[in-house]
Amino acid sequence: MATLRVYQKRPNRKGDAPIYVTFYIDRQKVDLPTHISVPVAMFDKENGMVKRSMEYYRDKNLVIENIKSRINDIFVSYRLRRKRLTSELFYKEYNSRSLSYGDFYALCEEYQRLRFQELSEGTKKKHLSTIRLLREYRPNLSIDELTPELIRRWVIHMRKVRGNSEVTIAKNVRIVGIYINEAVRRGLIDHSPLREVKMRGCIDTTAEALSEEELDALYHSYKQKTFKGMLSDTLELFLFLCFSSLHVSDALSLQIDQIDKDEFTYIRCKMLNVRPRVVHVPISKPLRAIIEKRRAGRDNGLLWEDMPPVQRMNAALKYIARVAGVNKRLSTKFGRHTFATVFLRHTRDINTLRDILGHTNIKQTMVYAHVLDADRKSGVSVFDRYSTK
């Protein structure tokens, strides 16, 4: 058995310090990263463990114990075979034995155990769905089988057998790429096979939105108080989404004390534990009217209290649309998309739209660029009258 010591290196700016396992082979020091970082105060130096007061301490300590066990297994194996273990041989054995080791899905599960606590529920579901899809295609997959050819065959399978759109295929490959990059980072493979796989260029154009005429129809129904009770509340929330740009989960989490006179601020739920960024949303007159109605003189608490589940609201929106004469299968997703298309059509300012939507990358905002394309076409058509002269 090797003499192992678990310790922390220097903390980063946030105060989190990475945990390493260290030992010696032939008087040569070996440092193995656990890929776990915790605040210095949350680490028990004497026992080399994460303290119980740390969230998910059991999972973190389990990973540390698994690493220690793998190290000792290698020492025992070489001793029983009466072979000399060097640091170079150790790293080779450790990487090849990793994660049952060489099993890509075991790597995925370990990564999820550590990282899922930082992700939103929606992102977790996407990851689990994508890995399940890959597992259905290839039930047993070792890390060394991650080749460009495998990825290409999986893409063809999604395209021709499952009938997935190019947008869905690109999203699935991007998610698998996160786990492949983790394998590269751990030294299990030299480089990502995705470097050699060229995906079809595609932009997600599935962002359905209301036309301004359809938005007018719904707003008229709201002002006329056509709907009562839960239907009225659902329509009011939907119009709030149309006028504010928020996703329904962000709207339902919005606190009254986040709202000022001319704007409100929030952090997108999906980015809260990843790359939190404060988003500033200006308040228009109809948005202000809805806010004042919902806050009802309150100074704190949720703006949207006692709302039904989103699934139930989506069903109600389809009924509301039929009554209002809107021929679309309405859902809460239409609200954010409607704001974006109406804003962009009237301002042509995609950079400001990006800021209001809270996008970290302009490519995310470019899904609404079709609005600008349509305006360009109509603008050029003014020259058509010269064709008759």
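Predicted, not measured: the structure shown is a model, and the values here were computed from it.

*Asks:* Would you mind going over the overall build of the protein with me for this structure?
*Replies:* Within the protein one finds 15 helices and seven strands. Total accessible area computed for the protein in this model is approximately 22,300 Å², and 50% of it derives from carbon and sulfur atoms.

*Asks:* It is not clear to me how the side chain of Ser245 should be interpreted in this structure. Could you clarify?
*Replies:* Of note, Ser245 is situated in the loop between α8 (229–244) and α9 (248–253). Among all residues touching Ser245, those that are not within four sequence positions of it are Val281, Arg336, Phe339, Ile356 and Leu357.

*Asks:* Hey, could you run me through the packing of aromatic side chains in this one?
*Replies:* What characterises a pair of aromatic rings is the spacing of the ring centres plus the angle enclosed by the ring planes. Inspection of the entire model under this criterion finds 14 aromatic pairs. Between Tyr7 and Tyr20 the ring centres are 6.3 Å apart and the planes differ by 40°, which places this aromatic pair in the tilted class. Of this pair, Tyr7 sits in strand β1 (residues 5–8) while Tyr20 sits in strand β2 (residues 16–25); the two residues are 13 residues apart in sequence, bridging distant segments of the chain. Tyr7 sits in the buried class, given a relative accessible area of 12%.

*Asks:* Hey, could you run me through the sheet that holds strand β3 (residues 28–39) in this one?
*Replies:* Strand-to-strand pairing in sheets goes through backbone hydrogen bonds, with the strands running parallel or antiparallel. In space, the three strands of this open sheet follow the order β1-β2-β3, with antiparallel pairing throughout. Both edges of this open sheet fall to β1 and β3, since each of them pairs with a single strand only. Across the sheet, the axes of successive neighbouring strands diverge by a mean angle of 25°, strand direction being ignored. Alignment of β1 against β2, held across four bridges, turns out to be antiparallel. When the bridges of β2 are listed, Tyr7 appears paired with Tyr20.

*Asks:* What should I look at first to understand the environment of His359 in this one?
*Replies:* Take His359: it is sitting in the loop between α13 (350–357) and α14 (362–365). The exposure class assigned to His359 is buried, which follows from its relative accessible area of 6%. Spatially, the C-alpha atom of His359 lies 9.5 Å from that of Arg277, the residues being 82 residues apart in sequence. Side-chain polar atoms of His359 contact the side chain of Thr365, separated by 2.8 Å.

*Asks:* I would appreciate a short explanation of the nonpolar core in the present structure.
*Replies:* As a rule of thumb, nonpolar side chains are buried together in soluble globular proteins. With 48 residues, the main nonpolar core has Leu218, Leu237, Phe240 and Phe264 as its most contacted residues. The element contributing the most residues to this core is α8, with eight residues. Excluding its chain neighbours within four sequence positions, the residues that come into contact with Leu218 are Leu210, Leu235, Phe238, Leu239, Ile320, Ala324, Val326 and Leu330. Tyr105, Leu134, Leu141 and Ile189 belong to the second largest nonpolar core, which has 28 residues in total.

*Asks:* Quick question: what am I supposed to make of unusual backbone geometry here?
*Replies:* In most cases, non-glycine residues show a negative phi, while peptide bonds are predominantly trans. In this model, Lys225 sits at a positive phi of 55°, which is unusual for a non-glycine residue. Among the structural elements, Lys225 can be located in the loop between α7 (212–223) and α8. Classification of Lys225 by relative accessible area gives exposed; the value is 59%. Even without a glycine there, the phi angle at Asp306 is positive, about 55°. Mapped onto the secondary structure, Asp306 falls in the loop between α10 (285–295) and α11 (310–324).

*Asks:* Please clarify how α11 should be interpreted in this entry.
*Replies:* Note that an α-helix has 3.6 residues per turn; residues three or four places apart therefore point the same way. In a regular helix each residue adds 1.5 Å, so 15 residues correspond to 21 Å; α11 covers 20 Å between its end C-alpha atoms and thus fits that length. All of the buried residues in α11 are Met313, Asn314, Ala316, Leu317, Ile320, Ala321 and Ala324. On an axial view of α11, the arc spanned by its buried residues comes to 165°, and they lie on one face. Along α11, the residues that are exposed and aim more than 90 degrees away from the buried face are Gln311 and Arg322.

*Asks:* What should I look at first to understand the pattern of salt bridges in this one?
*Replies:* Side chains carrying opposite charge are able to pair once their charged atoms draw close together. All told, the structure shown has 18 salt bridges when counted by the stated rule. When the shortest N-O distance is used, the salt bridge between Lys328 and Glu214 registers 2.9 Å. Here Lys328 is found in the loop between α11 and α12 (333–347), whereas its partner Glu214 is found in helix α7, with 114 residues between them in sequence. The partner of Arg295 in a salt bridge is Glu292, with the nearest N and O atoms 3.7 Å apart. Highlighted residues: Arg295 and Glu292, both in helix α10, separated by three residues, approximately one helical turn. Several salt bridges converge on common partners, so that one network encompasses Asp233, Glu236, Lys293 and Arg294.

*Asks:* Any chance you could explain the packing of helix α4 (residues 121–137) against helix α6 (residues 166–185) here in plain terms?
*Replies:* A pair of packed helices is captured by two measures, namely the crossing angle of their axes and the spacing between those axes. Contact pair α4 / α6: the axes reach a minimum separation of 9 Å and the direction vectors enclose 90°. Considering the angle they form, α4 stands roughly perpendicular to α6. Between α4, through Lys126, His127, Thr130, Ile131, Leu133 and Leu134, and α6, the contact on the second element is made entirely by Asn172, Ile175, Val176, Ile178 and Tyr179. Looking at the contact of α4 with α6 residue by residue, the class counts come to seven nonpolar, three polar and one charged.

*Asks:* Just checking my understanding: could you explain a positive patch on the surface for this structure?
*Replies:* A cluster of like positive charges, contributed by Lys126, Arg174, Lys270 and Lys333, occupies part of the molecular surface. Relative to the helices and strands, Lys270 is located in the loop between β6 (263–267) and β7 (278–282).

*Asks:* Which parts of the structure should I look at to understand the packing of helix α5 (residues 148–161) against α6?
*Replies:* Two elements in contact, α5 and α6, have axes separated by 10 Å at closest approach and are oriented at 150°. With respect to the hand of their crossing, α5 and α6 are arranged in right-handed fashion. Residues Ile151, Trp154, Val155, Met158 and Arg159 of α5 form the contact with α6, whose participating residues are Glu166, Ile169, Asn172, Val173, Val176 and Ile180. Of the residues belonging to the contact of α5 with α6, the class tally is eight nonpolar, one polar and two charged.

Rules of the game
Residues numbered from 1 in each chain as written. Predicted model: local features only at pLDDT ≥ 70, side-chain atom pairs only at ≥ 80, totals over all residues. Heavy atoms only, no water. Helix = DSSP H or I, 4+ residues; strand = E, 2+ residues; numbered from the N terminus. Areas by Shrake-Rupley, 256 points an atom, 1.4 Å probe, with all protein chains shown as cover. Contact = heavy atoms within 4.5 Å. Phe/Tyr/Trp six-rings, centres within 6.5 Å; stacked < 30°, edge-to-face > 60°. Buried < 20%, exposed > 50% of the residue type's maximum accessible area, 1.4 Å probe, protein only. Pairing = 2+ DSSP bridges. Axes fitted to C-alpha atoms, helices over the stretch in contact; angles between N-to-C directions. Polar contact = N/O pair within 3.5 Å; in protein donor to acceptor, adjacent residues only side chain to side chain. Core = buried A, V, L, I, M, F, W, Y, C linked by side-chain atoms within 4.5 Å. Expected span 1.5 Å × (residues − 1). Arc of directions from axis to C-beta. Salt bridge = Lys/Arg side-chain N within 4 Å of Asp/Glu carboxyl O. Parallel < 35°, antiparallel > 145°, perpendicular 65-115°, else oblique. Nonpolar A, V, L, I, M, F, W, Y, C, P; charged D, E, K, R; others polar. Patch = residues over 30% accessible without salt bridge, like charges linked within 9 Å, V, L, I, M, F, W, Y side chains within 5 Å. Lys, Arg positive; Asp, Glu negative; His and termini not counted. Charge placed at Lys NZ, Arg CZ, Asp CG, Glu CD. Left-handed = near helix turned anticlockwise from the far one by under 90°.

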